[in-house]
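Spelled out from the first residue to the last, the chains are:
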Amino acid sequence: MIPSALLISLLVATLSTGLAVGFGTAAGWLLARRAFAGRELVDALLSLPLVLPPTVTGYYLLVLLGRRGWLGGLAIPFTLAACVVAATVMAFPLVVRAARVAFEEIDPRQRLASFSLGHGAGSTFWRVELPLARRGLAAGAALGFARALGEFGATLMLAGNIPGRTQTLPLAIYEAAMTGDNSVALALCVALTAVSVVVLLIVGRLGRGRA
Amino acid sequence: MNAAFIVVLVSAAISLKAPLTEAARQFDASSPGEPVTFTFGSSGELAAQIEQGAPVDVFLSASPVDMERVAAAGRIDLATRVAIAGNRLVVIVPRGTAPPSELTGLLDPRFRRIAIGNVKTVPAGRHAKEALVASDVLERVEKRFVYGENVRQVVDLVARAEADAGFVYATDLPLGGDHIDLAFEIPESLHKPIVYEGAVVAGAKAASRARAFLKFLTSAPAQEILAQRGFLPPGTTAPK
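Residues numbered from 1 in each chain as written. Chains lettered and ligands numbered in written order. Predicted model: local features only at pLDDT ≥ 70, side-chain atom pairs only at ≥ 80, totals over all residues.

A.B. asks: Explanation requested: the overall build of chain A in the structure shown.
C.D. replies: Scanning chain A from terminus to terminus reveals nine helices and zero strands. For chain A, the sequential pattern of α-helices and β-strands runs α-α-α-α-α-α-α-α-α. Principal-axis analysis of the C-alpha atoms gives chain A an extent of 65 × 40 × 25 Å. Expressed as a percentage of its 211 residues, the buried residues of chain A come to 42%. (Helix = DSSP H or I, 4+ residues; strand = E, 2+ residues; numbered from the N terminus. Buried ≥ 20, exposed ≤ 12 C-beta atoms within 10 Å, placed from the backbone.)

A.B. asks: Mind showing me how you'd approach the domain arrangement of chain B here?
C.D. replies: The figure often quoted for interface size is the accessible area lost as the parts come together. All names here are of chain B. On domain assignment, one finds that chain B holds domain 1 (3-86 + 194-228) and domain 2 (89-190). Distance between the C-alpha centres of domain 1 and domain 2: 27 Å. Taken together, the contacts link 12 residues of domain 1 with 15 residues of domain 2. With three residues, the top contributor of residues to the side of domain 1 that touches domain 2 is helix 2 (residues 43-51). Looking at the side of domain 1 that touches domain 2, its residues break down into four nonpolar, six polar and two charged. (Domains from an automatic or database assignment. Contact = placed C-beta atoms within 7 Å. Nonpolar A, V, L, I, M, F, W, Y, C, P; charged D, E, K, R; others polar.)

A.B. asks: Would you mind showing me how to read the sheet that holds strand 8 (residues 165-169) of chain B here?
C.D. replies: Strand pairing in a sheet relies on backbone hydrogen bonds. The paired strands run either parallel or antiparallel. Residues and elements named next belong to chain B. Within the open sheet, the five strands sit side by side as 7-6-8-5-9. Their pairing is mixed. At either end of the open sheet lies a strand with only one pairing partner, and these are strand 7 (145-148) and strand 9 (180-185). On average, each strand axis in the sheet is tilted by 35° relative to the strand beside it, whichever way the strands run. Bridge analysis of strand 6 (residues 114-117) against strand 8 gives two bridges, and the strand direction is parallel. By the bridge assignment for strand 8, Ile114 is matched with Ala165. Here helix 4 (residues 123-134) sits on the sheet in contact with strand 5 (89-94), strand 6 and strand 8, set at roughly 115° to strand 8. (Pairing = 2+ DSSP bridges. Axes fitted to C-alpha atoms, helices over the stretch in contact; angles between N-to-C directions.)

A.B. asks: Can you help me understand the pairing of strand 5 of chain B in this one?
C.D. replies: Every other side chain in a regular strand lies on the same face of the sheet, so the side chains alternate between the two faces. Residues and elements named next belong to chain B. In terms of burial, strand 5 is a largely internal element, six of the six residues being buried. Because side chains alternate across strand 5, one face comprises the buried residues Leu89, Val91 and Val93, and the other comprises Val90, Ile92 and Pro94, equally buried. Of the strand pairs in this sheet, strand 5 and strand 8 are connected by four bridges, and their pairing is antiparallel. Bridge pairing in strand 8 places Val91 opposite Phe167.

A.B. asks: Which parts of the structure should I look at to understand the environment of Pro234 of chain B?
C.D. replies: Of note, Pro234 of chain B is situated in the segment after helix 8 (220-228). Taking the C-alpha atoms as reference, Pro234 of chain B lies 5.4 Å from Ile84 of chain B; in sequence the two are 150 residues apart.

A.B. asks: Sorry if this is basic, but what is going on with the interface of chain B and chain A here?
C.D. replies: If you look at the interface, chain B gives 16 residues, while chain A gives 13 residues. Elements supplying a minimum of two residues to the side of chain B that touches chain A: helix 2 and strand 7 of chain B. It is helix 2 of chain B that contributes the most residues to the side of chain B that touches chain A, four residues altogether. Partitioned by chemical class, the residues of the side of chain B that touches chain A number five nonpolar, three polar and eight charged.

A.B. asks: Got a minute to help me understand the environment of Gly176 of chain B in this structure?
C.D. replies: Residues and elements named next belong to chain B. Tracing the chain through its elements places Gly176 in the loop between strand 8 and strand 9. A count of 22 C-beta atoms within 10 Å places Gly176 in the buried class. Residues Gly176 and Pro55 lie 121 residues apart in sequence; the distance between their C-alpha atoms is 33 Å. Not counting residues up to four positions away in its chain, the partners in contact with Gly176 are Ile92, Val155, Val158 and Ala159.

A.B. asks: Can you walk me through the sheet that holds strand 3 (residues 58-61) of chain B in this structure?
C.D. replies: Residues and elements named next belong to chain B. In spatial order, the strands read 2-1-3-10-4; together these five strands make up an open sheet with mixed pairing. Unpaired on one side and paired on the other, strand 2 (36-41) and strand 4 (82-86) mark the two borders of the sheet. Across this sheet, the average inter-strand angle for adjacent strands is 20°, counted without regard to direction. Alignment of strand 3 against strand 10 (residues 195-200), held across four bridges, turns out to be antiparallel. Across the sheet, residue Ser61 finds its bridge partner in strand 10, namely Glu197. Sheet contacts for helix 1 (residues 17-30): strand 1 (8-13) and strand 2; angle to strand 2, the most-contacted strand, approximately 170°.

Now the structure itself:
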């Protein structure tokens, strides 16, 4: 139970961080660079999972993705994919915020210089903006990873608590504590704490240096 | 502390929610004293909280197993331990699903997901597992299990058609409204008897009121409320 929960957690956190970074970077760039009607509303909506109780987010996801939901055909609930979806949604706002700030902090003259040297928007993004924003993006990714690793409420709602399939570390900890397996609960907590410390160290290291 | 803030806090198996709420209303109306309030959950979850020192006055468990666990931890007043009700285990399906008529019927591949209470903390899940073992089908259906953290969640999973069948108590049927159908009752011979037990928790702040409430639950008026909701009197489920 311990190794499988740890593996599931690491797999889920890695996949969901990848998804959150991909979509979150794009969303963060749009929010930073494009002034469109309702920009701040979109930002607020994307940030909702940060402030809503995770069980509320999980419930929305279950209603949306459940068999009778709008996207019921995807058959996501109670699978590993459900863990990934829940963790991605929870990690997403952290990544978007970090990305938006990172892109906004880039001196506009550097983009102008790139354009004047003949680079288009795409080339400027890949060769100028992304490298300049990389520390902020990496810090966002690390925070997103930590959030995904610790995800509990939404995962419990959407993915259930199936040992060996959807039981992540936090769910295994909950179950061990509820069944009086205190030594198992403690061991799992130590494992989760250790991983979290490593993530925080990485964040600290990224935050200190200059881009 | 101001006496007005003292309540009798009862940790109760969530399947007892409806009759207990009604019984407490009657108890509070008929005898003056600290009001009875509840915290509901799976018996295993509540037992763990009490073991860890949760400041509750009464534990009402859906199973002797979880009561035994807190007793072994020295957390209940053993003299107060009493059986208060019995129940039956049933299989439910979402309305519109052709129901199976016995446990082996669940082997049919159309029952892709079967909801069951977490066997570690939910007594109804434990009894369901016992019955599946006794019928020799557990290994073939176990891979299709999705777990509920309490028996109400199992009802909900079936009512939403997230699961194609589920194991709940006969008394949970009204919770599903018109979204679920009863498939069949599981023969009692297939699992350990379902016995709800109560006890006053050691060191209860409102101990005398807690004892009075527990006594009330075994009295005729409270047993009538339980019977109306489909619970069986204690002791009718013969030990195996």
